[in-house]
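Each chain, letter by letter, is given below.
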Amino acid sequence: MSTETSTQGITTVLVANRGEIARRIMRTARAMGIGTVAVYSDADRTSPHVEEADLAVRLPGVSPGDTYLRSDLLLDAAARASADALHPGYGFLSESGDFARAVSQAGLIWVGPPADAIDAMGSKIGSKEIMRAAGVPTLPSLVVDGDELPSQDAVRGLGWPVLVKASAGGGGRGMRVVPNSGYLAEAVEGARREAAAAFGDGTVFLERYVADPRHIEVQVLADAYGETVALFERECSIQRRHQKIVEEAPSPAVSPELRRRLTEAAVAAARAVGYVNAGTVEFVVDRNGDPFFLEMNTRLQVEHPVTEAVTGLDLVRLQLLLAAGTPMPDEVRDAVAAGPRGHAIEARLYAEDPTRDWLPSTGRLYRFEVGSPGSAVRVDSGVQSGSVVSPHYDPMLAKVVAHAPTRTEASASLAGELARARIHGLVTNRDLLVRTLHHPAFVAGATDTGFLDRHGLDRLAAPLADEAAVSRHAAAAALAGQASRRGAARVQRTIPSGFRNNAFRPQQVTFDVGGRTLTVGYRFDRFGREPMSVEIDGEPLALDTVTVGAADVALTTGGVTRRYLVDRAGASTFVDGPDGSSTLVEQVRFPRPDERVSEGAALAPMPGTVVRVGVAKGERVTAGQVLVVLEAMKMEHAVHAGQAGTVVEVDVSEGDQVETGRLLAVVEADTARAETTGDQTAGHGDSR
Amino acid sequence: MPVLTTTIDPNSDVFRANQRALSEALAEVDEQLAAARAGGGERYVTRHKERGKLLARERIELLLDPDSAFLELGALAGWGTEYAVGASSVTGIGVVEGVECLISAHDPTVRGGAMNPYSFRKGARAADIARANRLPVVNLVESGGADLPAQAELFIPGGRAFRDLTRSSAAAVPTVALVFGNSTAGGAYVPGMSDYIVMIEQRSKVFLGGPPLVKMATGEESTDEELGGASMHARVSGLADYLAVDEVDAIRLGRQIVSRLNYRKRGPGPTEPADEPLHDPSELLGIASADPKVPFDPCEVLARVVDGSRFDEFKPLYGSSLVTGWASIHGYPVGILANHRGVLFSEESHKATQFIQLANQIDVPLVFLQNTTGYMVGKDYEQAGIIKHGAMMINAVSNSSVPHLTLNIGASYGAGNYGMCGRAYDPRFLFAWPNARSAVMGPAQLAGVLSIVNRQSAAARGVPFDEEADTTMRELVEAQIEAESLPLFLSARLYDDGIIDPRDTRTVLGVCLSVIDNQPIRGTRGYGVFRP
């Protein structure tokens, strides 16, 4: 068969997705001369994926159920925009056999596997049976039928602990580890509820739990003519709550022998369901180095770029070619023959707070700059400076991929680029990623799914900026703020900053930063040229020289100059420097009396919907009692009473949409001067 | 444009000696400024803070726009008197919500913020500045009223304070009173006469007579809250326009009021580049003569004060004991008159007169750098009409209607003080360097004149002249005149607006020019009769 490739008829592809993957797919489509159609929810109206598409079609509404999950609207959009192909990306409808069928029936090319293959792999229970039949190693499991729990004996046969999983699940939703029989009923019930809410299917099953396995997956490609190849493995063991955050290719743990076993199993798995197009077969590898089939993802994987890096292939291009009926191109065979080249590592940047139970962070991303000039990292992002990250979708901001001759170089360069990134306005997992990539265990290749727990999330997620760095950041923020104010002064703009002919005290500004409150005092020399003293909470900061601008500040101490880039938005100042980044919130000089937050006020930790109000006005509560439950990002967050006392105010009712910082309830302490910490009084979200 | 060069050698003995002397003088001034800042001293400051109150200077710092300048005025009022230096108040010009305001705060740690005769003069001077420059007035009030033992000096002239407030208001210059504590009896009229009044819940007390006085006067039983509490005034009497919950809130409201004043500067604004001088202003400490008898080149001063050291000298070859010319400071164009070799002759008088007229023709403010021993005396000069010519210059200064700024950088003696726009000639601002002297004449001259007069008197009466007594007299007089011509002595009496560090000259003049710019500048076109 000719190796001449063509896209036979794909002239315009509708990308039924959003964010980085929509941009990623369109980038390749554009390069191939294929027209691009974006779809967008109302929340995504100004998103980059919409701006970059040739055509864009609105999906009215914001929730996924009203928009990206509406197959009728998507098909209608494809018809209106005269698309002849549809790429589903990942997530949303990408693994819906029904949707794949509907797309084909509408006369469009479905850029993905056949609907039957999707269905076969869509059921975790069914797929395992097929795999067992095909000789692919699997873990023992038990389906939970109806409301009946399986017998103790049957469960014991799997071996404790067991894992409860949603058959239709993914991304860790509906998943529970059960240590012993006492917790089984509760775990099954919880998993069912979550699965039903997330996937519309409450079926769950039990599986032997492999403690701290490596998560290794194999990229497969199959054409419509029976040729199936495996493009090596990816290791995705670094996970938080079953969500991958660092992925790499090749795996540091895979020997040529294991690679052969994995690829053979993966090809067999794909063949067993008549797979065509790109897919990923996931395995867990236990401590003995034995792989077990986990599931097959019948779509393009989030972490596909690491495979692209080590194979030099464009997987989206190959998806489009294979979907259009092109036989397996030679370049794929060449890549397989060549083996993985160098090492690639991907880090997923999420807008979430690892130190607060992965609380998603939403709002305006004032600045998003990743990848310094001349750096070779690949950045696949769905956002740009100025984007608003809404609470309706996945909080992943970008994937950053480094490719280098060795794993050590790749991890070092990725860590460096992440550390230098300027990300303003949202809390992210950046510092966690950098610390993970720098961690000796990671560098040694000792990765498994228990990595974060074992090495301590508290240490791994600690800010890159240490206490001394935060002090310097506060100084830089104060001085840059000063320059900005002087530059905008309506009168006496050229008069030296803070001039006093009878100096009483330094200029002062107080910031809240990373749970600390710092007051920066500074005094400029009489000519306003540079600060002659800078102090933090009254302690002088040893500085040789200081250069101050509104957007950058250089502090020299002990002969070493550190340059800080400073940016502001509202009350927030963002400082990026060689010693980490800080977001400093300037305390209001004159809080309005009606806006002063009283002690015992519980505020919404994130935007969301009030799903439950647990207390009524006048009710007595204990410290830690749930006041209000918010739902956001499909997770429930309880807001607790920071102190024992009486509920004096309940400001919301069920169904209310609330923004971050919205007052939910006020608890008046039993004693007038209750011992409280800021954290407690503010209340804090607790994901369930 | 002509740019000033310098011939100063910072390594010369003269420079170093001057620098040493100036530094010593500055240290003395700084010590007194520190005393003023310390208010009523540690005990009263601590007590004040323990009551949850902000100090007067803290209130001002909070009121000001962050990083803006505060030019304190009359900081050394009352120095060397029976009253505390600073005269129990803090006054200055600061920027609030982008508006230059005249701010005055009682210092309640000094005898409860009670007003003494120097407080009164300081306040009166502040009112003059506010009126002349059209500055909104913000009073931070907390005072026990008049320092009663001094009532004789205060009561009658003190009424002016209230008159000034309402005249300011009549001139559409807003007045704001933030009442932090007691403001009773006569003091009640400070808020009473203001356009806007902010009072603080549980803190402000404004009444004509307190409970004991009311009881004495009418027998009525009352509480101070009933008589003058903030809540009462906000809800019942209507004296308070805004009710604040605490001090910070009162300051917030004060800023809010100023932000809504719709205040626009009416001057022409800066028009020139405001680049820094080419020469180092720190060198001014070595340029100013330690010895008032040694004149120094004012161009060396200007080279460290004016924008880009650019100075277009006018009539450089005529009357060269007085330097005149055009420059700009912080972008504001100015005409400058600066004494060069101390003495003013007829030529200098003519030159000054013409120059002042020119500035009035083009509506440009004038800066006077005083370093003069006065008009020349002697037969030749009298016969050549030095009185007419000196009078001409004083006429020109007196009737000039462009704003004047005066700075005494060395000496200001005799009628030279008048011709060079001394205090009596109403410069908008007058400052002195710490080395400066001002008196009717030098101490030695004055003592010598007295001695000659005594000698002539003795001769006329035919009695022997007591040389020993004369020597003692001369020493005493010299010492007295020297003490009375020192800047601390003069500043204490509000004869200047403050002693400034020479290195701050450019900044202080810049702030003053910006302040002046709140008013339109209109030079006079008609003059009194000149005697050429």
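Since the model is a prediction, treat every value here as computed from it, not as a measurement. (Residues numbered from 1 in each chain as written. Chains lettered and ligands numbered in written order. Predicted model: local features only at pLDDT ≥ 70, side-chain atom pairs only at ≥ 80, totals over all residues.)

All right, on to the overall build of chain A then. Within chain A, the secondary structure is distributed over 19 helices and 41 strands. Relative to the compact-globule value of 26 Å for 688 residues, chain A shows a C-alpha radius of gyration of 27 Å, a close match. Principal-axis analysis of the C-alpha atoms gives chain A an extent of 90 × 60 × 55 Å. Here chain A holds 688 residues, and the buried ones make up 50% of them. Partitioning the contacts of chain A with sequence separation of at least 6, the portion at a separation of at least 24 is 65%. (Helix = DSSP H or I, 4+ residues; strand = E, 2+ residues; numbered from the N terminus. Rg over C-alpha atoms; globule rule 2.2 N^0.38 Å. Buried ≥ 20, exposed ≤ 12 C-beta atoms within 10 Å, placed from the backbone. Contact = placed C-beta atoms within 7 Å.)

What chain B contains, in helices and strands, is 21 helices and 16 strands. Taken over C-alpha atoms, the radius of gyration comes to 25 Å for chain B, in line with the 24 Å a tight globule of 532 residues would show. Going through the 532 residues of chain B one by one, you find that 55% of them count as buried. Sequence separation of at least 24 residues holds for 76% of the intrachain contacts in chain B that already meet a minimum separation of 6.

Contact residues are listed per partner, giving 23 residues for chain A and 34 residues for chain B. Here the side of chain A that touches chain B gets three residues from one element, more than from any other, and that element is helix α18 (residues 467–488) of chain A.

Attention now moves to the sheet that holds strand β40 (residues 663–669) of chain A. Residues and elements named next belong to chain A. If you walk across this open sheet you meet the four strands as β33-β40-β38-β35, and the pairing is antiparallel. For this open sheet the edge positions go to β33 (601–603) and β35 (620–621), each flanked by a neighbour on one side alone. In this structure, β35 lies alongside strand β38 (residues 645–650), joined through two bridges in antiparallel fashion. When the bridges of β38 are listed, valine 621 appears paired with glycine 645. (Pairing = 2+ DSSP bridges.)

Moving on, we come to the pairing of strand β3 (residues 99–106) of chain B. All names here are of chain B. The element β3 is largely enclosed, with a buried count of eight among its eight residues. Where burial is concerned, the two faces of β3 agree: the one with Val99, Cys101, Ile103 and Ala105 and the one with Glu100, Leu102, Ser104 and His106 are both buried. In the sheet, strand β2 (residues 89–96) pairs with β3 via eight bridges, with the strands oriented antiparallel. In the sheet register, serine 89 faces β3, and the bridge partner there is histidine 106. As consecutive antiparallel partners, β2 and β3 are separated by two residues, and within that stretch glutamate 97 has a phi angle of approximately 50 degrees, a positive value. Across four bridges, β3 lies against strand β4 (residues 137–143) in parallel orientation. Across the sheet, leucine 102 pairs through a bridge with valine 137, a residue of β4. For the crossover that starts at β3, traverses helix α4 (residues 117–133) and ends in the parallel β4, the hand is right-handed. (Right-handed = clockwise from strand over helix to strand, strands pointing away.)

Another point: unusual backbone geometry. Residue and element names in this part refer to chain A. Between alanine 249 and the following residue, proline 250, the backbone shows a cis peptide bond with an omega angle of -5 degrees. Mapped onto the elements of the fold, proline 250 is located in the loop between β12 (243–249) and α9 (256–272). Of note, tryptophan 358 is a non-glycine position whose phi angle comes to about 60 degrees, a positive value. As for its position among the elements, tryptophan 358 is in the loop between β16 (352–353) and β17 (359–360).

Let us look at the pairing of strand β14 (residues 404–413) of chain B. Residue and element names in this part refer to chain B. Summarising burial for β14: 10 of the 10 residues are buried, a large majority. For strand β12 (residues 366–372) and β14, the ladder comprises six bridges, and the chain directions are parallel. Bridging from a neighbouring strand, phenylalanine 368 pairs with threonine 406 of β14. Sheet topology note: the β14/strand β15 (residues 429–432) ladder contains four bridges and is parallel. Paired with asparagine 408 across the bridge in β15 is alanine 432. Pairing between β14 and strand β16 (residues 437–439): three bridges, direction parallel. When the sheet's bridge partners are listed, tyrosine 413 is paired in β16 with alanine 439.

Counting residues in each nonpolar core, the largest one holds 155 residues, and the members touching the most others are Val13, Leu14, Leu86 and Ala474 of chain A. Of the residues forming this core, the biggest block, nine residues, is contributed by α18 of chain A. With residues near it in sequence (within four places) discarded, leucine 14 of chain A still touches Val37, Val39, Ala77, Ala78, Ala81, Ala83 and Leu86 of chain A. Counting 151 residues, the second largest nonpolar core, distinct from the first, contains Val29, Ile251, Val301 and Leu494 of chain B. (Core = buried A, V, L, I, M, F, W, Y, C linked by C-beta atoms within 7 Å.)

The predicted coordinates of low-pLDDT regions are not to be read in fine detail. On average, chain A scores 90 in pLDDT, and the residues at 70 or more come to 94%. Note on residues 672–688 of chain A: pLDDT under 50 across the span, and 40 contacts to partners over four residues away in sequence or across chains. (pLDDT = per-residue confidence, 0-100.)

Our focus in this paragraph is helix α6 (residues 124–133) of chain A. Residue and element names in this part refer to chain A. By the burial criterion, the buried members of α6 are Lys124, Ser127, Lys128 and Met131. Taken end-on, α6 shows its buried residues confined to a sector of 105 degrees, consistent with a single buried face. Looking at the buried side of α6, the elements it contacts are α5 (115–122), β6 (141–143), β7 (162–166), β9 (204–208), α9 and β14 (291–297). Immediately beyond the C-terminal end of α6, within one or two residues, lies glycine 135, with a positive phi of roughly 85 degrees. (Arc of directions from axis to C-beta.)

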